[in-house]
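# Structural characterization, general
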Amino acid sequence: AQSVTQLDSHVSVSEGTPVLLRCNYSSSYSPSLFWYVQHPNKGLQLLLKYTSAATLVKGINGFEAEFKKSETSFHLTKPSAHMSDAAEYFCVVSDRRLSGGYNKLIFGAGTRLAVHP
Amino acid sequence: DSGVTQTPKHLITATGQRVTLRCSPRSGDLSVYWYQQSLDQGLQFLIQYYNGEERAKGNILERFSAQQFPDLHSELNLSSLELGDSALYFCASSVEGTGNTIYFGEGSWLTVV
C-alpha cells in the first residue's frame with residue numbers, strides 16, 4: 001500500500017532564509033511524486049513532479065525537490081523564502097503501475113509554511 | 001489558471017437539501033476526479049471517472065454520487081446534506097492516468113447550515 005508522511009505540520013521561516021519541507025513516502029513500486037501548493041482560498045497548484053527521470057526536480061517559483069529512493073524521501077526546498085510562499089504544501093504519491101485510466105493520488109496531511117519579515 | 005472550471009464557487013444550503021456541483025475539465029483531459037477538503041479530514045479522494053466510466057472510488061458516502069457526461073464534464077451530487085458535509089470540493093482532471101499531472105480547479109465551497 002502507498003502512503004505519504006509529511007513530517008512537519010507547520011514550518012516557520014524568515015524571509016530570505018532557506019525552506020525545507022519534508023516528505024517521506026511508502027510505495028512497493030516506483031512511484032510518481034508531486035508537490036502541490038494551496039494558497040488561502042485557492043485551488044491546488046502543481047509545483048513540481050518526479051516520474052523517474054532526473055532525481056533532482058526543479059519546479060516553479062524557485063522550488064526544487066530531490067527523490068532519494070534509499071531514504072524514501074522527496075523533500076521540497078527553496079534557497080530563499082519569499083513572503084508570497086506562505087501557503088499549505090502537499091506531498092503526493094501516485095502508483096505508476098496503474099494503467100487503464102487509473103490514477104489514484106495519495107495526499108500527505110499538508111505542511112503550512114509561514115514566512116516572517 | 002489550471003483550465004479546470006468549477007461552479008458554483010460558493011454555496012450555502014440547509015441540512016437535508018441536495019446540491020449539484022459542476023466541473024469542466026481541461027480541454028482534452030479524459031479523467032475527472034473529485035476531492036473533498038475539510039478541516040478535520042484533510043484532502044480526501046472521492047471518485048474518479050475516465051471517459052465517462054467510473055474508474056476508482058475513494059471515501060465517497062452513499063448520499064453522494066457523481067457522473068461524467070459524453071462531453072466529459074462531470075457533476076457531483078450531494079444529497080440529504082448534513083452539517084459535516086460543509087467543505088471545499090475540488091474537481092481535477094488529467095489526460096489519462098498514472099504519471100500524468102492532475103490539474104485542480106479552484107473548488108466549490110459548500111456550507112451546510
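I will try to describe carefully the structure that is included in this document. Predicted, not measured: the structure shown is a model, and the values here were computed from it.

### Examining the side chain of D85 of chain A
For D85 of chain A, the position within the fold is in the loop between β9 (73–78) and β10 (87–95). Setting aside chain neighbours within four positions, we find D85 of chain A in contact with F63, K78, S80, L113 and V115 of chain A.

### Regarding the packing of aromatic side chains
Under the criterion given, the structure shown has 14 aromatic pairs over all chains. Their ring planes at 35° and their centres at 6.2 Å tell us that Y36 of chain A and F107 of chain A sit as a pair that is tilted. Of this pair, Y36 of chain A sits in strand β5 (residues 31–38) while F107 of chain A sits in strand β11 (residues 105–107), and the two are 71 residues apart along the sequence. Comparing Y36 of chain A with F107 of chain A shows no difference in burial state: the two are buried. Among the aromatic side chains, those forming a connected cluster through ring pairs are F34, Y36, F90 and F107 of chain A together with Y35, F45, F90 and F104 of chain B.

### With respect to the nonpolar core
Within the largest apolar cluster, 26 residues are counted, with the highest numbers of intra-cluster contacts made by W35, L48, F74, L76 and Y89 of chain A. The residues contacting L76 of chain A, other than those within four sequence positions of it, are V19, L20, L21, W35, L47, L48, F63, E64, A65 and Y89 of chain A. With 20 residues, the next largest nonpolar core counts V19, V32, I47 and F64 of chain B among its residues.

### Concerning unusual backbone geometry
A cis amide bond, omega -10°, links T7 of chain B with the succeeding residue P8 of chain B. Looking at the element boundaries, P8 of chain B is found in the loop between β1 (5–7) and β2 (10–13). We note that T72 of chain A has phi near 45°; this positive angle belongs to a residue other than glycine. Relative to the helices and strands, T72 of chain A resides in the loop between β8 (64–68) and β9. Positive phi, normally seen in glycine, also occurs at L72 of chain B, with a value near 80°. Counting through the fold element by element, L72 of chain B comes out in the loop between β7 (64–68) and β8 (74–78). Of the residues examined, L72 of chain B reaches a relative accessible area of 16% and is grouped as buried.

The rules behind each value
- Residues numbered from 1 in each chain as written.
- Chains lettered and ligands numbered in written order.
- Predicted model: local features only at pLDDT ≥ 70, side-chain atom pairs only at ≥ 80, totals over all residues.
- Heavy atoms only, no water.
- Helix = DSSP H or I, 4+ residues; strand = E, 2+ residues; numbered from the N terminus.
- Contact = heavy atoms within 4.5 Å.
- Phe/Tyr/Trp six-rings, centres within 6.5 Å; stacked < 30°, edge-to-face > 60°.
- Buried < 20%, exposed > 50% of the residue type's maximum accessible area, 1.4 Å probe, protein only.
- Core = buried A, V, L, I, M, F, W, Y, C linked by side-chain atoms within 4.5 Å.

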